[in-house]
4 protein chains.
Amino acid sequence: MKSFASDNYAGAHPAILEAMVIANAEHTPAYGADPWTERVQGLLRAEFGEDARSYLVFNGTGANVLAIRAACRRASAVICAATAHINVDEGGGPEYVAGVKLRTVDTPDGKLVPQDLDALLVRQGDEHAAQVGLVSISESTELGTLYTPQEIAALAQAAHARDLYLHLDGSRLAHAAAAQDLPLRALTTDAGVDVVSFGGTKIGLVAGEAVVFLRPELADGFAYLRKQSLQLASKGRFLAAQFEALLEGERWRELAGNANAMAARLAAAVGGLPGVTLTQPVQANAIFAILDPAATQALRAEFPFYVWDHATGEVRWMCSWDTTPEDVDAFAAAIRRAVA
Amino acid sequence: MKSFASDNYAGAHPAILEAMVIANAEHTPAYGADPWTERVQGLLRAEFGEDARSYLVFNGTGANVLAIRAACRRASAVICAATAHINVDEGGGPEYVAGVKLRTVDTPDGKLVPQDLDALLVRQGDEHAAQVGLVSISESTELGTLYTPQEIAALAQAAHARDLYLHLDGSRLAHAAAAQDLPLRALTTDAGVDVVSFGGTKIGLVAGEAVVFLRPELADGFAYLRKQSLQLASKGRFLAAQFEALLEGERWRELAGNANAMAARLAAAVGGLPGVTLTQPVQANAIFAILDPAATQALRAEFPFYVWDHATGEVRWMCSWDTTPEDVDAFAAAIRRAVA
Amino acid sequence: MKSFASDNYAGAHPAILEAMVIANAEHTPAYGADPWTERVQGLLRAEFGEDARSYLVFNGTGANVLAIRAACRRASAVICAATAHINVDEGGGPEYVAGVKLRTVDTPDGKLVPQDLDALLVRQGDEHAAQVGLVSISESTELGTLYTPQEIAALAQAAHARDLYLHLDGSRLAHAAAAQDLPLRALTTDAGVDVVSFGGTKIGLVAGEAVVFLRPELADGFAYLRKQSLQLASKGRFLAAQFEALLEGERWRELAGNANAMAARLAAAVGGLPGVTLTQPVQANAIFAILDPAATQALRAEFPFYVWDHATGEVRWMCSWDTTPEDVDAFAAAIRRAVA
Amino acid sequence: MKSFASDNYAGAHPAILEAMVIANAEHTPAYGADPWTERVQGLLRAEFGEDARSYLVFNGTGANVLAIRAACRRASAVICAATAHINVDEGGGPEYVAGVKLRTVDTPDGKLVPQDLDALLVRQGDEHAAQVGLVSISESTELGTLYTPQEIAALAQAAHARDLYLHLDGSRLAHAAAAQDLPLRALTTDAGVDVVSFGGTKIGLVAGEAVVFLRPELADGFAYLRKQSLQLASKGRFLAAQFEALLEGERWRELAGNANAMAARLAAAVGGLPGVTLTQPVQANAIFAILDPAATQALRAEFPFYVWDHATGEVRWMCSWDTTPEDVDAFAAAIRRAVA
């Protein structure tokens, strides 16, 4: 089964598992005091800049909620798009574990703009209102769209001017960087982002994300937050070995590039079909389209994917690091049949 | 380097990594809706009884804190030994994430007895006092000692008679079962335990623990707690594949049995030495001993291990699933030299 | 100074303070084990029905957040109007203390309708989404509008049919009951509400609210939640004595009736003026109107009140239990001058 | 009934209620933006020093838990005596609301000494252990004993040298200052305390405590914590008016002095009786004694008081601001009869 449901349906890239097997050779200190973790921290500094302080965690929810906790020690609200993963797909973790309120913005494309901020800040300083301390954006977004470095920099500047931090949920940062042919730091460090959730799972790891602080003072005491919030791995070498394999030679770029290319191929193949209306520009590895529900039903019997909005019939198709042209072509053919 | 510091210094058993590689073949539904997870749930029912409801999580802190959250929905305090991992080694996670107070009992051997309960329950019903809802024990304990099934059953009976649940932190349950030549259920289900943290990491997994509810109503809504508390794995198959390899043919028993045997071998080799005072019976895979600090210092230069109590000079030596007789003999020789 | 800013700018009714003075005569058990509290519980049963279980707390935030905690023990989200006090004026307390996510509905008038529910429930059962357990409405609403008993009953029925509880934030329940010439129970118990925050502060107490459970099982263990959440008064008699004076002879009805009548008088006096556009029907003690900002500025120099929406120029005028016809007439004259 | 059960069984001093009646004259801004609150902040600066920043809250649990939250933004554990109110009488509020772990010290007299700290700090810097950020002491203690200014200064110095803050739970600070004939600041500001819960309820208020920050940076953002944690009073003038009456002319000293004197009178009357063993020095307004359970039972039928320890037969007798010599003499006579 090759699915277009989620990049989490894919397995791990063989090089990732191989790195884990190699890392398995002997005893090594636990809890991240191992040489693999040290090397990964160096590799992440090479990517994100010499001041980057990074911490590996298990999953994206952990990375996001912990980044929020660290950045909201004196705040109680976070601005994000209504479609943000932290708002719709973390099971209320930001509220429960970080204790914050999410202030959401309705957007057409999942992207915040600097103009969104002030409307949500009119009650800063009013003790009855939750106080915003952080803006959180996703790159690429949950709708498969992209921020340019300039757009992120404008948001960072706007956030900082209002005494807010900027968090970037980068569960698909690799896809965004590959799509724009940019280094990771162009979309993060250089753009003024303060803390990044850098995702590994969706780009071919077994499991693993990195919380990368670009404003070092936010990292103070983070090791304690990570442990207390259930995200410290015992055998840290295995998280680190995966990241090492992902970062070496920019393997993430190759994997993300493939996912993006397959999404573009699929969009090209079906975007013009009568009965298929693309609803977002296809900029990374996701395609959003409106189909007739009957076509959707027929298609899902063959290929699993998610209905994004039952009211409108919008569906989501995700391509993965391991999606092949043959997979795409077979799926495109099935779509063609379904909407015929 | 072969260490006696922690069973988390060991890597994963090759069969575990091999199972992950095999599980990597194709796309499969994410978040535990995969066939591996379904099979593991069946294997865990085979171990713990037909009513067992199990959920895989990343690490021991996660398993313990989530078991506490699930069992303390209407309570605010947990009784445990002062030496319990939840009290000393979870970074305050039970307090922060589960919101509970730990009421601790000083014990000589890390083991609670039914007589400990009533002294901590004199204020049940008093709204000024945190209300105990759960008793938590570890098997084997943090001091390497064991509860017999009868001792656990007595605690379960005492807990239930007082309207409390019983949680068993089984990060080393495998060691306890192997040491007593018992099935897992003899120390849990059959003894009246309500919820178990069944540990995989310390017995040879890359990472992975199972929260196993033996009182099914405690599991209601647990999937939401797990997600909200940051412990839902995206690619669930990789947790499950590890557990499958651990449970098949009782591999856990073989691995734990080796760790226990190596601890016994080490105890036999050095227990009688002048300058080495064993402080706990060696019943599982841990050895506690008092050494002269100078001897400890010399020894740690060669073999990493933890000083348990700087005041008394007590040290802890842990054996792992992969400790060999040669490792033990080399370490014993070094101890002999150090205390000579 | 007589203000139209907030019913919290008013003091306490003299009978309330007199009741406190009388209650001050002697020693009595603390923490609500006093005869005043017992009598108030009886009076609240007389109002809300024989099954009502009531607990006094200090303030409205406390009443609301604790009602949510009690009703969301197995849930993680609450549906409410976007304008709800719990959403905009509790400083993030529901998220921080109760750990829940608020799912909001944009409404023209601050009122939910049964049709609002299903759109927010499409992801019930999906472990990635916060799970709704409660619907919360305000009566009267933050916009000064009213639910009829039939409207509340329809919401209760819709909530219960979807396995949700219904909470009523009644910080101005007295005003709603007085305005509709109904007993309190017509808007709560008889309409199927499960838990009420019954407000005293805004209707003439020094401080005090009652959490009244109409579904008794929700009250199980509530005394512990109240204490743990910082809302148990030491000298409980003083909260109770106030409520006794408020409930005796339906004093609340007289006080709320006055506030409502004064709002109607003000609306009648200025509603038709050019330059004053009422934006909500005036059904309780609040008036919402759009004024020219220059008029607002001039007017606020004389009479404090809140600008509700700086973007539109909407303002809020609140009448209190102690507002007099002379106060209203003087304010109306000032408005007339300001908009002339 | 005149009770020796608790200083919360007493009512309010008449001057307190009179101040509330006077404060009731007119409309005034809500939420502490009133002249009474401003005056009280000035009075508290006069007591605690010009840098003191004070915030009024409803009750002692609120004051303590919020002081802990403010001081533990980057820490997760608090050192206190095992007998501390925050440990035994806040219903788990520090753990639930502030998310901290309490690390307790067994003491003979409820008092910490600098030597207690290091044993609890051996794991500072170890990410597996909750990290201590605060030491909390009570003055007077829950056992009716007193710290001298020198003892507090020694603790403050020891705490600061270890990068910890010092909190003083002063629910009975007035009693301690009166007993030692010292200004409040001698036991707090001048001794190096960082934040104080200054109690009003037990010394004659209806309800009210002040959180007083002596290290101003701890107060940053505290107004938001107070609101979010349910402790912001709507009609703030009534809390402030009480404190104004308490502080004017040091009324607290007169009231606390009386409570202390009555405790001394009672101790003198019964301390030497066969059958009455005082277990703590009587330094403030509490007396702890061991009686024969039969004597206790007979006595409690006439005069309510608490059995402190059912195992030893220890009881607690509290004197209040309103206890009279006649009350004491009648109680002493009853004790004499009971133990005869």
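The structure presented is a predicted model; accordingly, all values stated were derived computationally and were not measured.

K.L.:
Which parts of the structure should I look at to understand the interface of chain B and chain C?
P.N.:
Between chain B and chain C, the residue contacts involve 18 residues of the former and 18 residues of the latter. Between chain B and chain C, the buried area comes to about 1600 Å², and carbon and sulfur atoms account for 48% of it. The three residues of chain B that bury the most area against chain C are Arg74(B), Glu127(B) and Tyr224(B), which together make up 42% of that side's buried surface. At the surface where chain B touches chain C, the tally comes to two salt bridges. When the shortest N-O distance is used, the salt bridge between Glu127(B) and Arg226(C) registers 3.6 Å. Where chain B packs against chain C, one counts three residue pairs in polar contact (both at pLDDT 80 or more). In terms of residue class, the side of chain B that touches chain C is built from four nonpolar, six polar and eight charged.

K.L.:
Any chance you could explain the side chain of Asp169(A) here in plain terms?
P.N.:
Residues and elements named next belong to chain A. By the element assignment, Asp169 lies in strand 5 (residues 165–170). A polar atom in the side chain of Asp169 sits 3.0 Å from the side chain of Asn64. If near-sequence neighbours (up to four positions away) are discounted, Asp169 is found in contact with Asn64, His85, Ile137, Ser138, Glu139, Glu142 and Ser197.

K.L.:
How should the relation of the copies chain B and chain A be read in this particular structure?
P.N.:
One copy of the chain maps onto the other through a rotation about an axis plus a displacement along that axis. Once chain B has been moved 0.0 Å along the axis and rotated by 180 degrees, it coincides with chain A to within an RMSD of 0.0 Å. Considering both components of the superposition, the chain copies are consistent with a two-fold axis. If distances are taken from each C-alpha of chain B to the rotation axis, the shortest is found for Val97(B), at 3.3 Å. Interface overlap between copies is the fraction of interface residues in one copy that are interface residues in the other; for chain B against chain A it reaches 100%, indicating a shared surface.

K.L.:
Is there a simple way to think about the relation of the copies chain B and chain C in this case?
P.N.:
For the match of chain B to chain C, the screw axis carries a shift of 0.0 Å, the RMSD comes to 0.0 Å, and the turn is 180 degrees. Interface overlap between copies is the fraction of interface residues in one copy that are interface residues in the other; for chain B against chain C it reaches 100%, indicating a shared surface.

K.L.:
What is the right way to look at the side chain of Glu209(B) in this model?
P.N.:
Residue and element names in this part refer to chain B. Along the chain, the position of Glu209 falls in strand 7 (residues 209–213). No salt bridge is formed by the buried Glu209, whose closest oppositely charged neighbour, Lys202, lies at an N-O distance of 6.5 Å. A distance of 2.6 Å separates the side chain of Glu209 from the side chain of Thr201, its partner in a polar contact.

K.L.:
Help me understand the pattern of salt bridges in this model?
P.N.:
Any two side chains of opposite charge can pair, on the condition that their charged atoms come close. Within the structure shown, the criterion is met by 72 salt bridges over all chains. The residue Asp220(A) makes a salt bridge to Arg53(A) at a minimum N-O spacing of 3.3 Å. Of this pair, Asp220(A) sits in the loop between strand 7 (209–213) and helix 9 (222–228) while Arg53(A) sits in strand 1 (residues 53–57), placing them 167 residues apart in sequence. A salt bridge links Arg172(D) to Asp7(D); its shortest N-O distance comes to 2.7 Å. Taken together, the residues span a long stretch of sequence, with Arg172(D) in the loop between strand 5 (165–170) and helix 8 (173–180) and Asp7(D) in the segment before helix 1 (14–23) at a distance of 165 residues.

K.L.:
Help me understand the packing of helix 1 (residues 14–23) of chain C against helix 1 of chain D, please; the structure alone is not making it clear to me.
P.N.:
Helix-helix packing: each pair is described by the crossing angle between the helix axes and the interaxial distance. Close contact between helix 1 of chain C and helix 1 of chain D brings their axes to 11 Å; oriented N to C, the two are set at 175 degrees. The orientation of helix 1 of chain C with respect to helix 1 of chain D, classified from their angle, is roughly antiparallel. From helix 1 of chain C, Leu17(C), Met20(C) and Val21(C) reach across to helix 1 of chain D, where they touch Leu17(D), Met20(D) and Val21(D).

K.L.:
How do you make sense of the sheet that holds strand 1 of chain A when you look at a structure like this?
P.N.:
Strand pairing in a sheet takes place through backbone hydrogen bonds and is either antiparallel or parallel in direction. All names here are of chain A. Read from one edge to the other, the open sheet built from seven strands follows the order 1-7-6-5-4-2-3, with strand pairing classed as mixed. The sheet is open, and its two edges are formed by strand 1 and strand 3 (101–105), each paired on a single side. Within this sheet the neighbouring strands show an average axis-to-axis angle of 20 degrees, counted without direction. Relative to strand 7, strand 1 runs antiparallel, the two being bridged by five bridges. Opposite Val57, over in strand 7, you have Glu209 as the bridge partner.

K.L.:
Got a minute to help me understand the environment of Met318(C) in this structure?
P.N.:
Residues and elements named next belong to chain C. Its location among the elements puts Met318 in strand 11 (residues 314–318). Exposure remark for Met318: the relative accessible area of 1% places this residue in the buried category. When residues no more than four places from it in sequence are discounted, the contact partners of Met318 are Ser3, Phe4, Ala5, Ser6, Asp7, Arg172, Asn285 and Ala286.

K.L.:
When you look at the interface of chain B and chain A in this model, what are you seeing that I'm missing?
P.N.:
Put simply, an interface is often sized by how much accessible area is lost when its parts join up. Facing the 50 residues of chain B at the interface are 50 residues of chain A. Contact between chain B and chain A buries roughly 4300 Å² in total, counting both sides, with carbon and sulfur atoms accounting for 56%. Contact with chain A buries surface across chain B, with His27(B), Leu230(B) and Lys235(B) losing the most and accounting together for 21% of the total. Run the count over chain B and chain A and you get two salt bridges. With a shortest N-O distance of 3.8 Å, Lys227(A) and Glu90(B) are connected by a salt bridge. Summed over the shared surface of chain B and chain A, the number is 32 residue pairs in polar contact (both at pLDDT 80 or more). Secondary structure elements with two or more residues in the side of chain B that touches chain A: helix 1 (14–23), helix 3 (60–71), helix 5 (93–97), helix 9 (222–228) and helix 10 (236–247) of chain B. Classifying every residue of the side of chain B that touches chain A gives 21 nonpolar, 19 polar and ten charged.

K.L.:
I tried to follow the packing of helix 11 (residues 251–270) of chain D against helix 13 (residues 325–339) of chain D on my own but got confused; where do I start?
P.N.:
Residue and element names in this part refer to chain D. Their axes nearest at 10 Å, the elements helix 11 and helix 13 cross at an angle of 25 degrees. It follows from the interaxial angle that helix 11 and helix 13 lie roughly parallel. For the pair helix 11 and helix 13, the sense of crossing is right-handed. Here Met262, Arg265, Leu266, Ala269 and Val270 of helix 11 come into contact with helix 13, specifically with Pro325, Val328, Asp329, Phe331, Ala332, Ile335 and Arg336. For the contact of helix 11 with helix 13, the per-class residue count stands at nine nonpolar, no polar and three charged.

K.L.:
Looking at this structure, I do not really get the domain arrangement of chain A. What am I missing?
P.N.:
Residue and element names in this part refer to chain A. Taken as a whole, chain A is organised into domain 1 (14–249) and domain 2 (251–339). Distance from the C-alpha centre of domain 1 to the C-alpha centre of domain 2: 27 Å. Taken together, the 29 residues of domain 1 in the interface contact 19 residues of domain 2. Carbon and sulfur atoms make up 58% of the area that domain 1 and domain 2 hide from each other, which totals about 1900 Å². Three residues stand out in domain 1 for area buried against domain 2, namely Leu143, His175 and Ile203, and they jointly supply 24% of the buried area on that side. Counting across the domain 1 and domain 2 interface gives one salt bridge. Salt-bridge contacts for Asp181 lead to Arg253; the nearest nitrogen and oxygen are separated by 3.9 Å. Between domain 1 and domain 2 we count 14 residue pairs in polar contact (both at pLDDT 80 or more) in total. Of all the secondary-structure elements, those providing two or more residues to the side of domain 1 that touches domain 2 are helix 1 (14–23), helix 8 (173–179) and helix 10 (236–247).

K.L.:
What exactly am I supposed to notice about the sheet that holds strand 3 (residues 101–105) of chain C here?
P.N.:
Residue and element names in this part refer to chain C. In spatial order, the strands read 1-7-6-5-4-2-3; together these seven strands make up an open sheet with mixed pairing. Since the sheet does not close on itself, it has two edges, and those belong to strand 1 (53–57) and strand 3, each with one partner. Ignoring strand direction, the axes of neighbouring strands in this sheet form an average angle of 20 degrees. Direction of pairing for strand 6 (residues 195–199) relative to strand 7 (residues 209–213): antiparallel, over a ladder of five bridges. Residue Val195 lies in a different strand from strand 7, and its bridge partner there is Phe213. Along the sheet, helix 2 (residues 35–48) contacts strand 1, strand 6 and strand 7; its crossing angle with strand 1, the most-contacted strand, is approximately 125 degrees.

K.L.:
Where do I start with the packing of aromatic side chains in this structure?
P.N.:
For any two aromatic rings, the description comes down to two numbers: the centre-to-centre distance and the angle of the planes. Following the criterion strictly, the structure yields 50 aromatic pairs over all chains and no others. On the numbers, 5.1 Å between centres and 80 degrees between planes, the contact of Phe288(C) with Trp308(C) is edge-to-face. Note that Phe288(C) is positioned in strand 9 (residues 286–290) and Trp308(C) in strand 10 (residues 306–309), a separation of 20 residues in sequence. The exposure class of Phe288(C) is buried, given its relative accessible area of 1%. Taken together, the aromatic side chains of Phe4(A), Phe303(A), Phe305(A), Trp317(A) and Phe331(A) make up a single cluster linked through ring pairs. Here Arg300(C) stacks its cationic end above the ring of Phe305(C), 6.0 Å away from the centre of that ring.

The rules we used
Residues numbered from 1 in each chain as written. Chains lettered and ligands numbered in written order. Predicted model: local features only at pLDDT ≥ 70, side-chain atom pairs only at ≥ 80, totals over all residues. Heavy atoms only, no water. Contact = heavy atoms within 4.5 Å. Buried area = accessible area lost by both parts, 1.4 Å probe. Salt bridge = Lys/Arg side-chain N within 4 Å of Asp/Glu carboxyl O. Polar contact = N/O pair within 3.5 Å; in protein donor to acceptor, adjacent residues only side chain to side chain. Nonpolar A, V, L, I, M, F, W, Y, C, P; charged D, E, K, R; others polar. Helix = DSSP H or I, 4+ residues; strand = E, 2+ residues; numbered from the N terminus. Least-squares fit on C-alpha atoms with pLDDT ≥ 70 in both. Buried < 20%, exposed > 50% of the residue type's maximum accessible area, 1.4 Å probe, protein only. Lys, Arg positive; Asp, Glu negative; His and termini not counted. Axes fitted to C-alpha atoms, helices over the stretch in contact; angles between N-to-C directions. Parallel < 35°, antiparallel > 145°, perpendicular 65-115°, else oblique. Pairing = 2+ DSSP bridges. Left-handed = near helix turned anticlockwise from the far one by under 90°. Domains from an automatic or database assignment. Phe/Tyr/Trp six-rings, centres within 6.5 Å; stacked < 30°, edge-to-face > 60°. Lys NZ or Arg CZ within 6 Å of the ring centre and 35° of its normal.

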